[in-house]
Amino acid sequence: MAAISRALNAPTVVEPTEAGRGLWSWISVVDHKRIAHLYFMASGLFFLMAGIEALLMRVQLFAPNGHFVSAELFNQLFTMHGTTMIFLAVMPLFIGFFNAVVPLMIGARDVAYPRLNALSFWLFLAGALFLNSSWFLGGAPDAGWFNYAPINTSTYNPGPGIDFYAIGLQIAGIGTLMTGVNFLVTILNLRAPGMSLMRMPLFVWTVLVTSVLIILAFPPLTVNLFLLMFDRILGTQFFATAAGGQPLLWSNLFWVFGHPEVYILILPTFGIVSEVVATFSRKPLFGYSTMVLATVAIGFLSFMVWVHHMFTLGFGPWVNSIFALTSMIIAVPTGVKIFNWLATMWGGHVRFAMPMWWVVAFILTFTVGGMSGVMLAMAPADLQFNNSYFVVAHFHYVMIGGSLFGIIAGLYYWFPKICGRLMSERLGKWSFWFTVVGFNVTFFPMHFLGLIGMPRRIYTYAPGLGFTTWNEVSTVGAFILGVGVLLLAINVVVSAVAGRVASADPWDARTLEWAIPSPVPPYNFADIPLVRGRDALWVEKTHGDGRMLPAPAAHDGHAPPGTVHMPRPTALPALLAASVLALGYAMLYRSVWAAVAAGAVAVYAIHRSMFTPDPGEFMRVLSEPGELAAQGGAH
Amino acid sequence: MALLSAFALTGCAAAPESVLNPAGPVAQMQLSYMYLSFWIMAAIFLVVAGVLVVAVIRFRERRGQERELPPQVEGNTALEVVWTIVPILLLAILGVVTVAGSFTLARLAPSSRALVVQVTGHQYWWAYTYPSLGITTANDLHIPVGEKVDLELTSKDVMHAFWVPRLGGKTDLVPGRTNYMWIEADRPGVYTGQCAEFCGTGHADMRLVVEAQTPAQFQAWVQSMKHPSSVPASGLARQGYLDFKTAGCFACHAIAGTPYQGVVGPNLTNLAQRPMIAGNILRNTPANLAAWLRNPPGVKPGALMPNLHLSPSQVRALVAYLESLH
Ligand SMILES: [Cu+2]
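Definitions and limits used
Residues numbered from 1 in each chain as written. Chains lettered and ligands numbered in written order. Predicted model: local features only at pLDDT ≥ 70, side-chain atom pairs only at ≥ 80, totals over all residues. Heavy atoms only, no water. Helix = DSSP H or I, 4+ residues; strand = E, 2+ residues; numbered from the N terminus. Rg over C-alpha atoms; globule rule 2.2 N^0.38 Å. Buried < 20%, exposed > 50% of the residue type's maximum accessible area, 1.4 Å probe, protein only. Contact = heavy atoms within 4.5 Å. Lys, Arg positive; Asp, Glu negative; His and termini not counted. Charge placed at Lys NZ, Arg CZ, Asp CG, Glu CD. Areas by Shrake-Rupley, 256 points an atom, 1.4 Å probe, with all protein chains shown as cover. Donors = N, O, S within 2.8 Å, 3.2 Å for Na, K, Ca; no water. Tetrahedral: all angles 85-135°; square planar, octahedral: opposite > 155°, others 65-115°. Domains from an automatic or database assignment. Salt bridge = Lys/Arg side-chain N within 4 Å of Asp/Glu carboxyl O. Polar contact = N/O pair within 3.5 Å; in protein donor to acceptor, adjacent residues only side chain to side chain. Nonpolar A, V, L, I, M, F, W, Y, C, P; charged D, E, K, R; others polar. Phe/Tyr/Trp six-rings, centres within 6.5 Å; stacked < 30°, edge-to-face > 60°. Lys NZ or Arg CZ within 6 Å of the ring centre and 35° of its normal. Pairing = 2+ DSSP bridges. Axes fitted to C-alpha atoms, helices over the stretch in contact; angles between N-to-C directions. Buried area = accessible area lost by both parts, 1.4 Å probe. pLDDT = per-residue confidence, 0-100. Core = buried A, V, L, I, M, F, W, Y, C linked by side-chain atoms within 4.5 Å.

**Some thoughts on the overall build of chain A**
Line of reasoning, step 1. The secondary structure content of chain A amounts to 21 helices and 3 strands.
Line of reasoning, step 2. The C-alpha radius of gyration computed for chain A amounts to 25 Å, which stays within 12% of the reference 26 Å derived for 635 residues, consistent with globular compactness.
Line of reasoning, step 3. Evaluated residue by residue, chain A yields a buried proportion of 63% over its 635 residues.
Line of reasoning, step 4. Put simply, 81% of the contacts in chain A that link residues at least 6 apart link residues at least 24 apart.
Line of reasoning, step 5. Computed over 30 positive and 26 negative side-chain charges, the separation of the two mean positions in chain A equals 4 Å.

What follows is the structure, given as structure tokens:
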């Protein structure tokens, strides 16, 4: 029966328990929740790799005139550490959360374009693998994560490293761009009946704004990478000064992308913190409308400040003044957020489970990072700070103390929803103290190092400059931090297998995702819920019987009773990404024939995806909420 | 945070390149900006941290509260206006200062009659030309104290940045473009720093030395540069002078007063007067000079002076010659 209707390209009826078994089910995955798993696993691994790169650098810098690694290797390490953390670890970790919870929070069955979503993941993975294969294929990129011109041109960098950077980020970046489009459309179009924009959970708002930032910020990067590839492969001269090229063209295009990028990396954390703070204070988020406004304002302003990365590049006092002022203004909406979180806790009954611990740590460390950020915005003073360890301290306070602490809070918070089990609080506390203490011991002294004249990106330093002590402290801190992260990884693995089984709503939370079973069945909501207010589930808890009312059935008219119409799994996105990966290597080795062959496969995959309609499948709805977990789960 | 200021007071002596120990008006002004913003920020931080600590202590859920809900406050417009306006006012202070400072540090008017030095970055060394004095040197910048010195910065290859923290913040050297900054030293002394824009393998070894001298000393130095030592007539130094040609050094190096006029590497006029060599990472001693000549990339990874496989006698002669360049 199933085989026949498959052949006829008509929907089949499938059991939810059938979904998600075996390797092929992962390759052909289209379910946003399982794509989230893939994002978490892949970016978690890249996170650990980048962490190891950091530890190697810290060992090298432990003592003056260090010889643990060579200058050449050190330059590759800091380049790959930064590039990996930003593009292959922190951003995809966030995208993991987008996938894991956004459709649930808005009461949708999936994202708007499930296939495109799979393609996004596979392109990210392809780009990431491509970039990291450089370690074995002639050397990793070594010009820093912002890869300034002209040291990134073949004249000064003839090896393949920069090609890996340009092609790898291009591939991964296209995937990210599609993620932006997908979530923008999903959030605008797939909200459950009753969920107006101003009823969306704040996390969804931050994802919405982040998606817009992705859509607007990645094209300049794409263009920049293309120009660089033209220079390196075709011999054009966009960045080479000898022929009238403009190194500052790269710098500007890069930071036009790069500054919004750092907000892409922090806005979702603001969303996570907002959810956690409200849930655990047992109060609504203080000043919801202001928080929405602040999010939008930050997103808007993030495009107006890019020159503050380049105050030393000599654009003159007018340009520097204007961009210094816009950079300072961005502190206002950010400050409003911090005060509103504090006000949410104020007068509440704050429950201290792990997510809340991390939010408290986040507020403190992120504030430190924000403060040093304002100091950096003072252009004349920044001439001293720029490219010094003070900046390294600043952005680690923002990226770790900000983005990452938020990610960890979100992990503890949503883990039960994602895996159906709670993470261990005991192990969690150990990990918390190691991470927070290690983090501050590592990075606080870097403020001092910058102030006493240590520039970033030096593979070693002379004795007698006063750098030694603080570098020693920092290295010790890095290993403490490493233990904390390792404990977190252990906690994730152990809890996923043997953690306490979670109920649908273990935190007594407020938003829609907690109205459905943990782990979530493939179709998310048996009935699309009716949203009757902000904090949709909380409204039902306080004004209803605690359960969501079903929305008047409008969709799925053609699905047999007791089933839900779902997209059918397909491996076409994975095939397309694989062919793009092959195309990348063809470009790297300048092989026209291989490029044509890979391109042909890509065209085939695109053609198939576009012109073969997906009949989907009818998935039977489980009668008992616990049925899925009892039968072994979908994950 | 309090740590930071305690550190600022005590940490300078051991740190010769400390921003916190300015030796000229530019660095002084920048430091005052740092303190201003630091204290404002520290105050805000204390407020945030204080409120947070109180909230954590006072409003944590107590036994018996599990079933009751706190008042479901949704916001308070007056409060929110306060914590929007107050930061704006504080930032306005910083903003005004910032704009004023940016213009103070801008390019000096050409009429200022400041001493102009053209600085050219190279992988991994610095070339200095004093157009009004007709002097070219490398790696060892001499300036008179108490005078604004106008630096015109550019690069021969990739980007670099000129950063001598005690004299002022950094400015990048961008190929194909001239940037400007000015520095001034209050008192005589040797001020060091290093390249602060990643420029390749030798980036960490591209260090800076600025010798600030009294006007009289500076004039003496100018004279010595204008009238360099004569070509040695005899002895080992004479042999070195000849080897400088046969070994190929002249193709890259210039020495005023000789026919050697290479421009690929640092100008070596009066080399013996310089405190440091090899991009200012080694003391200028005969032993270090010999080690450098035997294998430059071995001494300084990435150095663009090749290993010329000189014989020991060539090295000895060349060292003798270079040591004679006063
Ligand atoms: Cu340099």
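Having seen the model, we can carry on.
**Notes on the overall build of chain B**
Line of reasoning, step 1. Looking only at helices and strands, one finds 8 helices and 12 strands in chain B.
Line of reasoning, step 2. A compact globule built from 326 residues would reach a C-alpha radius of gyration of about 20 Å, whereas chain B, at 27 Å, exceeds it by more than 25%.
Line of reasoning, step 3. Across its three principal directions, the C-alpha atoms of chain B cover 100 × 50 × 40 Å.
Line of reasoning, step 4. The contacts in chain B between residues at least 6 apart in sequence include a share of 61% that link residues at least 24 apart.
Line of reasoning, step 5. Roughly 13900 Å² of accessible area belongs to chain B as shown, and the carbon and sulfur atoms make up 62% of that amount.
Line of reasoning, step 6. Put simply, chain B has 22 plus and 19 minus side-chain charges, and the middle of one group is 6 Å from the middle of the other.

**Description of the coordination of the copper ion**
All names here are of chain B.
Line of reasoning, step 1. At the metal site, the copper ion is ligated by His160 (ND1), Cys195 (SG), Cys199 (SG) and Met206 (SD), and these contacts range over 2.1 to 2.6 Å.
Line of reasoning, step 2. Here the copper ion binds 4 donor atoms, and the angle range of 89 to 124° at the metal identifies the geometry as tetrahedral.
Line of reasoning, step 3. Summarised as a motif, the one-chain spacing of the donors to the copper ion is H-x34-C-x3-C-x6-M. Residue His160 is found in strand β6 (residues 160-164), and its partner Cys199 is found in the loop between β9 (189-194) and β10 (207-213); the two are separated by 39 residues along the sequence. Each of the two residues, His160 as well as Cys199, counts as buried.

**Notes on the domain arrangement of chain B**
Residues and elements named next belong to chain B.
Line of reasoning, step 1. Segmentation of chain B into domains returns domain 1 (19-41 + 79-227) and domain 2 (235-323).
Line of reasoning, step 2. Relative placement of domain 1 and domain 2: their C-alpha centres are 29 Å apart.
Line of reasoning, step 3. Taken together, the contact between domain 1 and domain 2 spans 20 residues of the former and 19 residues of the latter.
Line of reasoning, step 4. Taken together, the connections running from domain 1 to domain 2 amount to 0 salt bridges.
Line of reasoning, step 5. Linking domain 1 to domain 2 there are 9 residue pairs in polar contact (both at pLDDT 80 or more).
Line of reasoning, step 6. Put simply, the parts of the chain that give the side of domain 1 that touches domain 2 at least two residues each are β3 (135-138), β10 and α4 (215-226).
Line of reasoning, step 7. A total of 4 residues in the side of domain 1 that touches domain 2 trace back to one element, the largest contributor, which is β10.
Line of reasoning, step 8. For the side of domain 1 that touches domain 2, the class distribution of residues is 8 nonpolar, 8 polar and 4 charged.

**Points about the packing of aromatic side chains**
Line of reasoning, step 1. Applying the stated criterion to the full structure yields 63 aromatic pairs over all chains.
Line of reasoning, step 2. Between Phe286(A) and Trp83(B), the ring centres sit 6.0 Å apart and the planes meet at 45°, which makes this aromatic pair tilted. Residue Phe286(A) is located in the loop between α9 (267-281) and α10 (288-301), and its partner Trp83(B) is located in helix α3 (residues 77-104); the two belong to separate chains.
Line of reasoning, step 3. Its relative accessible area of 5% is what places Phe286(A) among the buried residues.
Line of reasoning, step 4. Looking at Trp83(B), the relative accessible area reads 12%, which means it is buried.
Line of reasoning, step 5. Through a chain of ring-to-ring contacts, three or more aromatic side chains come together here, namely Trp357(A), Trp358(A), Tyr397(A), Phe405(A), Phe432(A), Trp433(A), Phe439(A), Phe443(A), Phe444(A), Phe448(A) and Trp470(A).
Line of reasoning, step 6. One Lys or Arg, Arg34(A), reaches over the ring of Trp26(A) and ends 4.0 Å from the middle of that ring.
Line of reasoning, step 7. For the cation-ring pair, Arg457(A) lies above Phe146(A), with the distance from its terminal atom to the ring centre recorded as 4.3 Å.

**Quick look at the sheet that holds strand β2 (residues 563-566) of chain A**
Residue and element names in this part refer to chain A.
Line of reasoning, step 1. Taking strand neighbours across the sheet as the criterion, the 3 strands line up as β1-β3-β2 in an open arrangement whose pairing is mixed. Edge positions in the sheet fall to β1 (12-14) and β2, since each has one partner strand and no second. Taken pair by pair, the neighbouring strands of this sheet meet at an average axis angle of 30°, ignoring direction.
Line of reasoning, step 2. Alignment of β2 against strand β3 (residues 617-620), held across 4 bridges, turns out to be antiparallel. From the neighbouring strand, Thr563 faces β3, where its bridge partner is Arg620.

**Things to note about the environment of Arg238(B)**
Residue and element names in this part refer to chain B.
Line of reasoning, step 1. Along the chain, Arg238 falls in helix α5 (residues 235-246).
Line of reasoning, step 2. Here Arg238 falls in the partly exposed class, since its relative accessible area comes to 29%.
Line of reasoning, step 3. For the pair Arg238 and Ala320, spaced 82 residues apart in sequence, the C-alpha separation works out to 8.6 Å.
Line of reasoning, step 4. When near neighbours in sequence (up to four residues on either side) are disregarded, Arg238 contacts Val231, Pro232 and Ala233.

**Quick notes on the interface of chain B and chain A**
Line of reasoning, step 1. Residue-level contacts link 90 residues of chain B with 91 residues of chain A.
Line of reasoning, step 2. Together chain B and chain A conceal approximately 7700 Å² of surface at their shared face, both sides included; 72% is due to carbon and sulfur atoms.
Line of reasoning, step 3. Summed over the three residues of chain B that lose the most area to chain A, namely Phe59(B), Trp83(B) and Phe198(B), the buried surface amounts to 10% of that side.
Line of reasoning, step 4. Linking chain B with chain A are 2 salt bridges, by the criterion used here.
Line of reasoning, step 5. With its nearest N and O atoms 4.0 Å apart, the salt bridge here joins Arg282(A) to Glu61(B).

**A look at the confidence of the model for chain A**
Caution applies to low-pLDDT parts of the model: their predicted coordinates are not meant to be read in detail.
Line of reasoning, step 1. For chain A, the average pLDDT comes to 93, and 96% of its residues sit at 70 or higher.
Line of reasoning, step 2. Confidence over residues 629-635 of chain A falls short of pLDDT 50; this stretch has 14 contacts with residues more than four positions distant or in other chains.

**Let's talk about the confidence of the model for chain B**
Line of reasoning, step 1. Per-residue confidence for chain B gives a mean pLDDT of 93, with 96% of residues at or over 70.
Line of reasoning, step 2. Of the two predicted TM-score estimates for the complex, the pTM is 0.95 and the ipTM is 0.94.

**Quick notes on the sheet that holds strand β4 (residues 140-144) of chain B**
Residue and element names in this part refer to chain B.
Line of reasoning, step 1. The sheet built from 3 strands is open, its strands ordered β4-β10-β9 with mixed pairing. The outermost strands of the open sheet, each flanked by one partner alone, are β4 and β9. The sheet shows a mean angle of 25° between the axes of neighbouring strands, taken without regard to direction.
Line of reasoning, step 2. Of the strand pairs in this sheet, β4 and β10 are connected by 5 bridges, and their pairing is parallel.

**Some thoughts on the side chain of Arg166(B)**
Line of reasoning, step 1. Take Arg166(B): it is sitting in the loop between β6 and β7 (168-173).
Line of reasoning, step 2. When neighbours within four sequence positions are excluded, Arg166(B) is seen to be in contact with Pro16(B), Glu17(B), Ser18(B), Asn21(B), Pro22(B), Ala23(B), Gly24(B), Ala27(B), Arg187(B) and Tyr191(B).

**Topic: the environment of Leu73(A)**
Line of reasoning, step 1. Relative to the assigned elements, Leu73(A) resides in helix α4 (residues 71-105).
Line of reasoning, step 2. Linking Leu73(A) and Gly139(A), residues 66 residues apart in sequence, is a C-alpha distance of 8.8 Å.

**Focus: the domain arrangement of chain A**
All names here are of chain A.
Line of reasoning, step 1. Looking at chain A, the domain boundaries give domain 1 (27-244) and domain 2 (266-516).
Line of reasoning, step 2. Centre-to-centre, using C-alpha coordinates, domain 1 lies 19 Å away from domain 2.
Line of reasoning, step 3. Tallying the contact residues gives 48 residues for domain 1 and 54 residues for domain 2.
Line of reasoning, step 4. Together domain 1 and domain 2 conceal approximately 4300 Å² of surface at their shared face, both sides included; 77% is due to carbon and sulfur atoms.
Line of reasoning, step 5. Scanning the region where domain 1 abuts domain 2 turns up 0 salt bridges.

**Quick word on the nonpolar core**
Line of reasoning, step 1. Membership of the largest hydrophobic core comes to 279 residues, with the highest contact counts inside it found for Phe203(A), Trp341(A), Trp414(A), Tyr130(B) and Phe162(B).
Line of reasoning, step 2. Tallying contributions element by element places α4(A) first for this core, with 22 residues.
Line of reasoning, step 3. Not counting residues up to four positions away in its chain, the partners in contact with Trp414(A) are Phe97(A), Val101(A), Met105(A), Phe203(A), Ile272(A), Glu275(A), Glu513(A) and Trp514(A).
Line of reasoning, step 4. Counting 24 residues, the second largest nonpolar core, distinct from the first, contains Ala247(B), Leu271(B), Leu289(B) and Met305(B).

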